Amino acid sequence: MRIAMFSTKPYDRRSFEGAPGASAHEILYFEPRLAPLTAPLANGAEAVCAFVNDDLSAPVLEVLAAGGTRLLLLRCAGFNNVDLAAAQRLGLKVARVPAYSPHAVAEFAIGLMLSLVRGIHRAYQRTRDGNFALEGLLGFDLNGKTVGVLGTGKIGAIVARILAAGFGCRVLASDVHPDPGLQAIGVTYMDPRAIAAQADILTLHCPLTPETHHVVRAETLAIAKPGLLVVNTSRGGLIDTEAAIEALKSGRLGGLAIDVYEQEADLFFEDLSNEILTDDVIARLLTFPNVLVTGHQAFFTAEALGAIAEVTLGNATRFAAGEALGHAEVTASAMVPHKA
Ligand code: NAD
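Because the structure is a prediction, the values reported are computed rather than measured. (Residues numbered from 1 in each chain as written. Predicted model: local features only at pLDDT ≥ 70, side-chain atom pairs only at ≥ 80, totals over all residues. Heavy atoms only, no water.)

Section: the overall build of the protein
In terms of regular secondary structure, the protein is built from 12 helices and 12 strands. Relative to a compact globule of 340 residues, whose C-alpha radius of gyration would be 20 Å, the protein shows 21 Å and is just as compact. Its C-alpha atoms put the protein at 60 × 50 × 35 Å along the principal axes. Burial statistics for the protein: of 340 residues in total, 50% are counted as buried. With 27 positive and 35 negative side-chain charges, the protein shows a separation of 5 Å between the mean positions of the two kinds. (Helix = DSSP H or I, 4+ residues; strand = E, 2+ residues; numbered from the N terminus. Rg over C-alpha atoms; globule rule 2.2 N^0.38 Å. Buried < 20%, exposed > 50% of the residue type's maximum accessible area, 1.4 Å probe, protein only. Lys, Arg positive; Asp, Glu negative; His and termini not counted. Charge placed at Lys NZ, Arg CZ, Asp CG, Glu CD.)

Right under this line is the structure:
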């Protein structure tokens, strides 16, 4: 099958070229993001392979379908950037990688949390400048603290286990499908508002859906414990960034670590170090000493890249053979994904 891959970086190409099943397909690697202007590049490709910031809105899908595309291969878990109703209308099947390495993202979330709590990101900068003073770096023990986990699917469940069993935190969770295994180790499920009011740290692991959009917003922050730390490795749209900035200014929000950002599509995965930053919101965020931003890096481990390539190519091979896509398939009714 001919596959047009968008937003391709050299590491994508390396992992796909080395993956089992690669020789069964002809992959065209395109660097640009998928967008209305670049969609015609896929003309004649039965499948289009897209990543988190590619535009899979109805106008783009119409161009793809008219060019002969029948399958959308998402090389990621989230599918909030796909107009699923339009895909269904146009007869386009959508497949994703439901789980490649939930450990990669969970471990990164814990890393961000520790950096924020202990000021490791600041210490790194300071010591390189010959400043070995501790003033301003006072942290707190994670042990015994209350951490809220929104979404206890594959990633959130690992985070909850590390926090409860590893650090000895009190873990409060929210999910439409509570996990009995987590309840057995003492994780307590409750309403997100009740969690916000009690948590010292909140970590976000639910998908971005109309229900979860801006789950962290001015009202949430107004009832939060003063000094709450928020970690987001899920999707940028879960946080109302402007409200977070106001809460950081007032001190209501004690720190923010984000691997994802609402307007990341124009920034992330690119080296913009020689350019003027025109996004005033991220520019303001980057001025806070208690804000840590990474560029959608949580998934980025050797294990995860290998699994993404293998599962994506497996999805392509199954589709080409006329087989069902199984739990990799995303349908219009799957706006709240079920556990795989
Ligand atoms: P998952 O589908 O296994 O888990 C998501 C959980 O959220 C499910 O248990 C679901 O029931 C729950 N949920 C759905 N709606 C909810 C709501 N309204 N309130 C509370 N819980 C709700 O997904 P996962 O593999 O754990 O991934 C979680 C998210 O992480 C993905 O949606 C994706 O956006 C993000 N992600 C980010 C990266 C990264 O590199 N930063 C990598 C992979 C995934």
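Moving on, there is more to tell.
Details of the sheet that holds strand 2 (residues 26-29)
Across the sheet, five strands lie side by side as 2-1-3-4-5; this open sheet has parallel pairing. If you trace the sheet from one side to the other, it starts and ends with strand 2 and strand 5 (93-95), each paired once. Strand-to-strand twist of the sheet, defined as the mean angle between neighbouring strand axes without regard to direction, takes the value 20°. Examined bridge by bridge, strand 3 (residues 47-50) and strand 4 (residues 71-74) share four bridges and lie parallel to one another. (Pairing = 2+ DSSP bridges. Axes fitted to C-alpha atoms, helices over the stretch in contact; angles between N-to-C directions.)

Digging into the domain arrangement of the protein
For the protein, the assigned domains read domain 1 (2-100 + 302-335) and domain 2 (102-293). Between the C-alpha centres of domain 1 and domain 2 the distance comes to 29 Å. Taken residue by residue, the interface counts 13 residues in domain 1 and 13 residues in domain 2. Buried surface at the junction of domain 1 and domain 2, summed over both partners, amounts to about 1,100 Å²; 55% is from carbon and sulfur atoms. At the junction of domain 1 and domain 2, the tally comes to two salt bridges. Between K9 and E270 there is a salt bridge, with its nearest N and O atoms 3.0 Å apart. Here domain 1 and domain 2 share six residue pairs in polar contact (both at pLDDT 80 or more) between them. Taken together, the residues of the side of domain 1 that touches domain 2 sort by class into eight nonpolar, three polar and two charged. (Domains from an automatic or database assignment. Contact = heavy atoms within 4.5 Å. Buried area = accessible area lost by both parts, 1.4 Å probe. Salt bridge = Lys/Arg side-chain N within 4 Å of Asp/Glu carboxyl O. Polar contact = N/O pair within 3.5 Å; in protein donor to acceptor, adjacent residues only side chain to side chain. Nonpolar A, V, L, I, M, F, W, Y, C, P; charged D, E, K, R; others polar.)

Considering the nonpolar core
In this structure, L64 and L72 are the most contacted members of the largest nonpolar core, which totals 35 residues. Those elements that place two or more of their residues in this core are strand 3, helix 2 (58-66), strand 4, helix 3 (84-89) and helix 12 (302-320). What L72 contacts, discounting residues up to four positions off in sequence, is V48, L56, L61, L64, V82, L92, K93, V94 and A95. By size, the runner-up hydrophobic cluster in this structure holds 31 residues, among which are L221, A244, L248 and L285. (Core = buried A, V, L, I, M, F, W, Y, C linked by side-chain atoms within 4.5 Å.)

With respect to the UniProt feature "domain: D-isomer specific 2-hydroxyacid dehydrogenase catalytic" (unreviewed entry) in the protein
Sites flagged by UniProt as "domain: D-isomer specific 2-hydroxyacid dehydrogenase catalytic" (unreviewed entry) map to residues 4-326. For residues 4-326, the helix share is 36%, the strand share is 15%, and the end-to-end C-alpha distance is 22 Å. (UniProt positions renumbered as here; feature names shortened; annotations may be inferred.)

Focus on the sheet that holds strand 10 (residues 228-232)
An order of 8-7-6-9-10-11-12 is seen for the seven strands of this open sheet, with the pairing classed as parallel. Where the open sheet ends on each side, the last strands, each with one partner, are strand 8 (188-189) and strand 12 (291-293). Inspection of the sheet shows strand 6 (residues 146-150) paired to strand 9 (residues 201-204) by four bridges, in the parallel sense. Following the sheet pairing, L150 is matched in strand 9 by L204. Packing against the sheet, helix 6 (residues 154-167) makes contact with strand 6, strand 7 (170-174) and strand 9, and its axis sits at approximately 170° to strand 6.

As for the packing of aromatic side chains
Enumeration over the complete set of coordinates arrives at five aromatic pairs. Consider the rings of F51 and F269, whose centres lie 5.5 Å apart with planes at 50°: the pair is tilted. With a gap of 218 residues between them, F51 in the loop between strand 3 and helix 2 and F269 in the loop between strand 11 (253-258) and helix 11 (280-285) connect regions that are remote in the sequence. Its relative accessible area of 10% is what places F51 among the buried residues. Through pairs of rings, three or more aromatic residues link up here, namely Y11, F51, F269, F299 and F300. (Phe/Tyr/Trp six-rings, centres within 6.5 Å; stacked < 30°, edge-to-face > 60°.)

Comments concerning helix 2
Burial in helix 2 covers these residues: A58, V60, L61 and L64. The buried residues of helix 2 occupy an angular sector of 155° when projected down its axis, which confines them to one face. Of the residues trailing helix 2, G68 is marked for its positive phi of about 105°. (Arc of directions from axis to C-beta.)

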